[in-house]
Amino acid sequence: MDTSAPAVTGAATWRDPAWLDPALAWARECLAGLGRTGTGPPEQVHVRAWSTAVRIPTDGGVVWLKSVGAGSAQEPPLAAALGGWAPGRVLVPLAVDAGRRLLLLPDGGTTLRASGRGVDAGAWEALLADHARLQVEVAAHADEMVALGVPDLRPERLPDLAAGLLADDDALLTGTPDGLDPALRERLRGSMGAYAGLCRALAAGPVPASVQHDDLHDGNVFVTGDGFRSFDWGDASVAHPFLTLLVPLRVTAAALDLPSGSPVLLRLRDAYLGPWREFAETAVLRELAGLALRVAPLARALTWHRILRAVSPDERPQWQASVPGWVAESVAPGPLDGAAA
């Protein structure tokens, strides 16, 4: 039976016994090597076009079998590497098969969202500071991460990548109701020089590239007794680390009903910047964070584009508006716009 990882995936892929049975067999082999056995039937509790997760009860507690699509192929090797470099800050896999894009994961416990603290600004401050410490700790491994297959979205590369996306009619859904407005597209193409300037300023700054989660929210971190454990690296890249701020600031603003530039969001930004003060003074870090938030939406659009190219064409329409949507966000007010400081 062919057990190779499919090049294009969808919900039908993950539910197909031709894929699922060999994947579960791999999980059983890994568990046997760990001296553990299943104690009940596996339950496929999560199915998306680009990933799936199966809950497996064992005599040593619940474990999770996860697989990702080709657009997130970096997740298994990256999760394993981060588990070696910063085991106290991430969910460490029990086993990975990078070629088949499989991970066997321990149960991480309760997410910040499930804990009910996703509406607690103090919890978000602690989370962002903790995540920044992770990025600081692994920044020296940026080139190693790229060698593992983690997408390289460092600021030096972003202008060319963004220009390529703006030239892609299919990605931008040109001529469709969900497509990018043609006038906005031309405006953005004409402003690529300014975008390149922002990227050069980020690249020239004192903060090194590191892992960039790109989907850091309260559902992607576990709460532990001594902090947080990040997981779900399917959107991750190597980039300027401050791009990470885009999603959590937006999610927090929505959860707490905060306007752009709210003092609460500024406190979250500064909590995140705290661990980076070994590289520069606060004023410089705040300036770089502002630049990163202007650059980040187009980088987020590139992430969605990468993931969706590996999704089955019949399932892609449900999600494909995310690409032009994030492109449009690059000219919309950001979470810190209008702030006094």
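Attention here is on the structure that accompanies the text.

Definitions and limits used
- Residues numbered from 1 in each chain as written.
- Predicted model: local features only at pLDDT ≥ 70, side-chain atom pairs only at ≥ 80, totals over all residues.
- Heavy atoms only, no water.
- Axes fitted to C-alpha atoms, helices over the stretch in contact; angles between N-to-C directions.
- Helix = DSSP H or I, 4+ residues; strand = E, 2+ residues; numbered from the N terminus.
- Parallel < 35°, antiparallel > 145°, perpendicular 65-115°, else oblique.
- Left-handed = near helix turned anticlockwise from the far one by under 90°.
- Contact = heavy atoms within 4.5 Å.
- Nonpolar A, V, L, I, M, F, W, Y, C, P; charged D, E, K, R; others polar.
- Pairing = 2+ DSSP bridges.
- 1 Å grid on protein atoms, 1.4 Å probe; cavity = no way out; pocket = protein on both sides within 12 Å on 5 of 7 lines; lining within 4 Å.
- Points joined across faces, edges and corners; volume = space filled by probe spheres on them.

Relative to each other, helix α4 (residues 121-138) and helix α10 (residues 263-273) sit at 30°, their axes nearing to 7 Å. Taken together, the axis directions place α4 and α10 in an arrangement best described as roughly parallel. Relative to α10, α4 is oriented so that their crossing is right-handed. Residue-level contacts link Ala121, Trp124, Glu125, Leu128, Ala129, Ala132 and Gln135 of α4 to Val264, Arg267, Leu268, Ala271 and Tyr272 of α10. Residues that form the contact of α4 with α10 fall into these classes: nine nonpolar, one polar and two charged.

Take the sheet that holds strand β11 (residues 237-239) next. Taken in spatial order, the three strands make up an open sheet running β7-β11-β8, and their pairing is mixed. If you trace the sheet from one side to the other, it starts and ends with β7 (152-153) and β8 (210-212), each paired once.

This part covers the sheet that holds strand β6 (residues 110-111). Strand order in this open sheet of three strands is β6-β9-β10, and the pairing throughout is antiparallel. Whereas interior strands pair on both sides, the edge strands pair on one side only; in this sheet they are β6 and β10 (227-230). Relative to β10, strand β9 (residues 221-224) is paired through four bridges, and the arrangement is antiparallel. Paired with valine 223 across the bridge in β10 is phenylalanine 228. The strands that α4 touches are β9 and β10; relative to β10, the one it contacts most, it runs at about 60°.

Moving on: empty space enclosed by the protein. In total, this model carries one cavity of 30 Å³ or more according to the counting rule given. Volume-wise, the largest cavity comes out at about 40 Å³. Lining the largest cavity, in full, are Glu75, Ala79, Leu91, Leu103, Leu105, Ser230, Phe231, Asp232 and Trp233. Among the residues making up the lining of the largest cavity, the classes are represented as six nonpolar, one polar and two charged.

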